[in-house]
Each structure stands twice: as C-alpha cells, then as structure tokens.
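Examining the three-dimensional arrangement
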Amino acid sequence: MGTYTLPEGFTEFDMFAFGSALLVGGLLGFFLNIISILSFLTVREMRTPSNFFVFNLAVADICLNINGLTAAYASYLRYWPFGQDGCSFHAFQGMISVLASLSFMAVIAWDRYHQYCTRQKLFWSTTLTISGLIWILAIFWSALPLMGWGVYDFEPMRTCCTLDYTRGDRDYITYVLSLVFLYLMFPSITLISCYNSIYKQFKKVHHHRFNTSLPMKVMLMCWGPYILMCIYACFENVKIFSPKLRMLLPVIAKTNPFFNALFYAFGNEFYRGGIWHFLTGQKIVEPDIKKSK
Ligand SMILES: CC1=C(/C=C/C(C)=C/C=C/C(C)=C/C=O)C(C)(C)CCC1
C-alpha cells in the first residue's frame, strides 16, 4: 500500500465511518436496484413503455451506487488510488447518473399523470425517444466540466470527486445556476404539478393508490442540503463549513437510489408484480385503474 497523509479535518475513524456509510448506502441501493433491473429484463409481461422509465431510473441509480461504492473503497484505503484523471472520470460518471436520475423522476411523474388522470396510452416510440434524449443530455451536461465549464475535483476527504464548489468563480456560478434551472426547477415543477393532479384525482375517486407527496419529499430530503451548499458556494466561501459537514451532504445525497428503488419500483403497483414474479416465479395480477372508478 502507498503512503498517505490523512486529509485535513479527518481522523482515521472519520474515514472509516464515512466509508462505512457509503458502503451501506451503496450496497442497499445496489441490491434493490439490481432486483428491479433484472425483473424488467426477465419478466416479459412487465416490459411496458411506462415501466421502461422505471427501469432506466434504476439503471441511473445503480450507476450512482457503483460510484458510491468506489468512494467507499477509497475511503477504506484512505487515499484515492486512481489519480487525477480517475477522479475526473469518477465525478463525470457520478454526475451523469445524478442528472439522468433526476430527469427520470420527472418523466415518471409526467407518465403517471397520464396513467391516472388522462388514461392516455404511452407508445414505445415516445418512451424510447425521451429516454434516449435524457441520457444524451445527462452526458452532455456532465461532460461540460471536463471541457472547462466548471471543474471536477476531490471532495474534502480526497476519496471521491465532484464538481469543485470551492472555486466559486464565474464559470462555476453560471454552470451551477444552469443546473439549478434545468435539473432542479424543471423537475420540481413537473413533480409538484403532476403529483398534485394525481392527488386530486385520487381524492375524486376516493381511492389513494399511493402517497403522492412522497416523491418530492424524498428528492428534497436527499438532494436539498447538497444543492443548497452548491448554490451557497456561488455567493460565499463554503470553506466556512467544516470538511465533515461538506462530506456528509454528498453521502446523504447518495442514499437517494435506495429510496427511489423502494418508491418507484417496489412501491409501484405496475412494477412490483413483476418483481414478485422474478423473485418467486408466481404470476402477476394486473392492477386495473378503472376498478376504482
Ligand atoms: C447544483 C445542482 C446539482 C448538482 C449536483 C452535483 C454537483 C452532483 C455531483 C455528483 C457527483 C459528482 C457524484 C459523484 O460522486 C443537481 C443535483 C444536479 C440539481 C441542481 C443543482
């Protein structure tokens, strides 16, 4: 093993604790999401256009889990073994997953609005085009810091990488504010308006098929603190926050895939039957929305 010096503000125990938190979050998310992915791939009946969005969300989320597991590994080593280029690539890969995951959450909300409120059918061509576009956009926006608009660099613990929020220069500010607009405001407005309409519909038919306020709450709970810090860094020096706090926020954010798997796959009446079929071999009973009318 190479020699290393502990990063400023962290003891051996801190690194072990953060590593373990990343490991537990990463493994939990990984297992739930891999079950969701394999179910979709093996159970033919559940391969519907709407479920394809949930499948893509699980793919994006599992990529974030793999990213977190790499960080856990480096934290146990107590140094980053893949060099500066490896760091940029790690952040690039993490960023693609985050942006794709947020977009799929929004598009699932939009699709559910149609499932429950307008009963419009989603076509495969629409699903495939939207999913393709989401991935292309996520790769595009994540590649920008590699090309000089924003920079990827180490997190305070120096065992994983992210957008370097400590610079706070003009490039950083414009890049983060664009992200806030595209990947925070836009998905949030979609989530709020779609789930609000679904809530009204559920109320009308006196049947609440799921908790419509949960998606927004989970997204804000996981990403909110981290996003606030990124926005704060546009105006003030974030170094006034302790390195441990700055490290805690991305660790919380990286638990999002676990909650997503629980809500969007395991808690989804059109998806969980397929998971059950995959795990037990028992056939799915299709839920019928019209029954509740
Ligand atoms: C500012 C901002 C965002 C920034 C996210 C970042 C900077 C994520 C980085 C994740 C990485 C690099 C993980 C890899 O380990 C969001 C969530 C898109 C939402 C809009 C506002």
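Residues numbered from 1 in each chain as written. Predicted model: local features only at pLDDT ≥ 70, side-chain atom pairs only at ≥ 80, totals over all residues. Heavy atoms only, no water.

1. So, the environment of Leu57
For the record, the criterion: A helix here means a DSSP run of H or I that spans at least four residues, while a strand means a run of E at least two residues long, and both kinds are numbered starting from the N terminus. Relative accessibility under 20% of the residue-type maximum defines a buried residue, over 50% an exposed one, and the middle range a partly exposed one, all with a 1.4 Å probe and only protein chains included. Contacts are assigned to residue pairs that have any heavy atoms within 4.5 Å of one another.
With respect to the helices, strands and loops of the structure, Leu57 is situated in helix H2 (residues 49–77). We classify Leu57 as buried; its relative accessible area is 2%. When the C-alpha positions of Leu57 and Met185 are compared, they lie 19 Å apart, and in sequence the two are 128 residues distant. The residues contacting Leu57, other than those within four sequence positions of it, are Ser101, Phe104, Met105, Ile108, Asn260 and Tyr264.

2. Side note on the state of the cysteines
Stated formally: Counting rule for disulfides: a pair of cysteine sulfur atoms within 2.5 Å.
With the rule as written, the count across this model stands at one disulfide. Between the sulfur atoms of Cys87 and its disulfide mate Cys161 the distance is 1.9 Å. In this structure the cystine formed by Cys87 and Cys161 twists about its S-S bond by roughly -125°; its chirality is therefore left-handed. Note that Cys87 is positioned in helix H3 (residues 83–118) and Cys161 in strand E2 (residues 161–163), a separation of 74 residues in sequence. Each member of the pair, Cys87 together with Cys161, is buried.

3. Focus on the UniProt feature "transmembrane region" (unreviewed entry) in the chain
Stated formally: UniProt positions are given in the numbering used here, feature names are shortened, and annotations may be inferred rather than shown by experiment.
Here, UniProt's "transmembrane region" (unreviewed entry) annotation points to residues 15–41, 53–76, 88–110, 122–144, 172–198, 218–235 and 247–266. As a span, residues 218–235 carries 100% helix and 0% strand, and end to end its C-alpha atoms are 27 Å apart. Secondary structure across residues 247–266 divides into 90% helix and 0% strand, with the first and last C-alpha atoms of the span separated by 30 Å.

4. Looking at the packing of H3 against helix H4 (residues 124–143)
Geometrically, a packed helix pair is captured by the angle between its two axes and the distance between the axes. Quick reminder of the rule: Here the axes come from fitting lines to C-alpha atoms, over the contacting stretch only for helices, and the angles between their N-to-C directions go from 0 to 180 degrees. Handedness of each helix crossing follows the sense of rotation of the near helix against the far helix: counterclockwise by less than a right angle gives left-handed, clockwise gives right-handed. We call Asp, Glu, Lys and Arg charged. Ala, Val, Leu, Ile, Met, Phe, Trp, Tyr, Cys and Pro are nonpolar, and the rest, Gly among them, are polar.
For the pair H3 and H4, interaxial distance at closest approach is 8 Å and the crossing angle is 145°. Crossing of H3 against H4: the hand is right-handed. On the side of H3, the interface is formed by Phe92, Met95, Ile96, Leu99, Ala100, Ser103, Phe104, Val107 and Trp110, while H4 contributes Ile130, Ser131, Ile134, Trp135, Ala138, Ile139, Trp141, Ser142 and Ala143. Counted by class, the contact of H3 with H4 contains 15 nonpolar, three polar and no charged residues.

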